[in-house]
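Report on the structure
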Amino acid sequence: MARKLTQRGRIVLLSMMHFFIDSCMGYFAIYLVLASLAPSKAAVIAMISTFAGNILQPFTGYFTDKVRGKIPLAMGLVLTPLSMSLIGLTKNYGILLSLVLLGNIGSAIFHPAGAGASGEKSKNIDASFAFFITIGTFGYALSQPIFSAVTGKLGLKSSPILMLPAVGLAVYYIIFSDVRIMGHGEKPNLNTLKELFKNHLWSVLILFYIMVARTAFVSSVNLFAAKTMHDWGFPRIIYSVASTAFMLSGALGILLAGNLSHLIKPRSLIIYSLTLFLPFFILFILFGENGSTFPALLMLSLAGFIIHCGYGTNIVLGQKLFPEMSSTVSGLLMGFAWATASFGPVVCNGTKHVFKLIEGFPSGLVFMTIFPLSAAIASIFFRVEPGTI
């Protein structure tokens, strides 16, 4: 018999699902090291599966808005942990591609569904969504340490046991939980989608560009922060936590911003987050160049905290524009934007010599700040109904 959850219990359950799914998404990155896979082949697997999963999200979001109920959340919760936890059983690149691709497809099904469901029945959509995103981010941050610890103790072929917590939660959800995607009004169709985009095209394009610009910068930092600090001469224990510090601080920024959404207008919050991170990021570069360990990590963490403050607000604004299709617009502003922003690290690598005073990746990372700053300018032109921003 389904158990009726309070709103708080509903958000906690959805966030636990998010934690378990995102805690699987870093398995392959550490497995390629532990299993001594060929980096070039592993990179192809990661590129294909990640891009495919991200680009699918608007379509899986539309599927969620059409189907509703428990199916989308349950599919993601089962498919991702099941496939990703099996990678330790093989070194065959074809099989690995299939497993990692299925894991990303499961993630693509869950994320728009979970994002849309987190705001349903909530009195404070921003706070609910912020909590949902934060717990998922913690899961992703712990993904590689979890896989490494379990397989280091029991061997690589023990990786399937990592699926057990998520499968257990899926059984509980399917049998005992009343949480389901309700939607708003009648189930939408393509005509509904066309009409909504016709009425809000300008606003959606701006929100989409903001997500792409922010993600291009953030993905560059996540990929090259460790390399940058390594080149500065910091020890392994320091440069190996650079990206984690940036990401976990960002999760806390999302959480805080969601709970302050009633005090700061959404557009103002987005503009602040896309501009005020800059002085701290520049200080990170300056302290890093001078070999100052704690100040450099602190400035990097503060930059991550601030630039992520507008992340949840960005998506919630889209959901408010499209309440009838909240999962579809979530998929557009998350996965599709992430896929589009995949150019970021390439541009960062290609601009390593733009600024002569800070040669190498610091130059590329500073160049990438152009994107969030341009998004701040674009957000000035974001418009919805008077009084909402």
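Quantities reported herein were computed from a predicted structural model and do not represent experimental measurements.

Take the overall build of the protein next. Helix and strand counts for the protein come out as 18 helices and 0 strands. Its C-alpha radius of gyration of 20 Å places the protein within 12% of the 21 Å reference for a compact globule of 389 residues. Residues classed as buried in the protein amount to 53% of the 389 residues present. Relative to all contacts within the protein whose residues are 6 or more apart in sequence, the contacts with residues 24 or more apart total 82%. When the accessible surface of the protein is summed, it comes to about 16700 Å², and 71% of that surface belongs to carbon and sulfur atoms. Put simply, the protein has 26 plus and 12 minus side-chain charges, and the middle of one group is 7 Å from the middle of the other.

Our next topic: the nonpolar core. Ranked by internal contacts, the top residues of the largest apolar core, which has 82 residues, are M17, L73, F217, V221, M229, F281 and F284. Examining the composition of this core, we find that 17 residues originate from one element, helix α8 (residues 190–231), more than from any other. When residues no more than four places from it in sequence are discounted, the contact partners of L73 are L14, M17, F110, A113, G114, Y173 and I181. The next biggest cluster of nonpolar side chains, apart from the first, holds 16 residues, and it includes I30, I87, L96 and L162.

Glancing now at the packing of aromatic side chains. All told, the structure shown has 14 aromatic pairs when counted by the stated rule. A ring pair is formed by Y27 and F147, whose centres lie 5.1 Å apart and whose planes are at 40°; its orientation type is tilted. In this pair, Y27 sits in helix α2 (residues 27–34) while F147 sits in helix α6 (residues 125–154), placing the two residues 120 residues apart along the sequence. When sorted by exposure, Y27 lands in the same class as F147, which is buried. Ring plane angle 25° and centroid distance 4.4 Å describe the contact between F224 and F361, whose orientation is recorded as stacked.

Let us look at a nonpolar patch on the surface. Among the surface-exposed residues, V167, V171, I174, I175 and F176 lie close enough to one another that they form a single nonpolar patch of about 390 Å² accessible area. Take I175: it is sitting in helix α7 (residues 164–176). The exposure class of I175 is partly exposed, given its relative accessible area of 45%.

The subject of this paragraph is the environment of T328. With respect to the helices and strands, the residue T328 is situated in helix α15 (residues 326–340). By relative accessible area, which is 9% here, T328 ends up buried. Sequence separation of T328 and I135 is 193 residues, and the distance between their C-alpha atoms is 22 Å. Excluding anything up to four places from it in sequence, T328 contacts P58, G61, Y62, D65 and L193.

With that out of the way, let us pick up the packing of helix α1 (residues 7–22) against α6. Look at α1 against α6: their axes get within 7 Å of each other, and the N-to-C directions meet at 25°. Classed by the angle they form, the pair α1 and α6 counts as roughly parallel. Classified by chirality, the crossing of α6 by α1 is right-handed. Here Q7, I11, V12, L14, S15, H18, F19 and D22 of α1 lie close against α6, whose contacting residues are S128, F131, F132, I133, I135, G136, T137, F138, G139, Y140, L142 and S143. Its residues assigned to classes, the contact of α1 with α6 shows 11 nonpolar, 8 polar and 1 charged.

Definitions and cut-offs
Residues numbered from 1 in each chain as written. Predicted model: local features only at pLDDT ≥ 70, side-chain atom pairs only at ≥ 80, totals over all residues. Heavy atoms only, no water. Helix = DSSP H or I, 4+ residues; strand = E, 2+ residues; numbered from the N terminus. Rg over C-alpha atoms; globule rule 2.2 N^0.38 Å. Buried < 20%, exposed > 50% of the residue type's maximum accessible area, 1.4 Å probe, protein only. Contact = heavy atoms within 4.5 Å. Areas by Shrake-Rupley, 256 points an atom, 1.4 Å probe, with all protein chains shown as cover. Lys, Arg positive; Asp, Glu negative; His and termini not counted. Charge placed at Lys NZ, Arg CZ, Asp CG, Glu CD. Core = buried A, V, L, I, M, F, W, Y, C linked by side-chain atoms within 4.5 Å. Phe/Tyr/Trp six-rings, centres within 6.5 Å; stacked < 30°, edge-to-face > 60°. Patch = residues over 30% accessible without salt bridge, like charges linked within 9 Å, V, L, I, M, F, W, Y side chains within 5 Å. Salt bridge = Lys/Arg side-chain N within 4 Å of Asp/Glu carboxyl O. Axes fitted to C-alpha atoms, helices over the stretch in contact; angles between N-to-C directions. Parallel < 35°, antiparallel > 145°, perpendicular 65-115°, else oblique. Left-handed = near helix turned anticlockwise from the far one by under 90°. Nonpolar A, V, L, I, M, F, W, Y, C, P; charged D, E, K, R; others polar.

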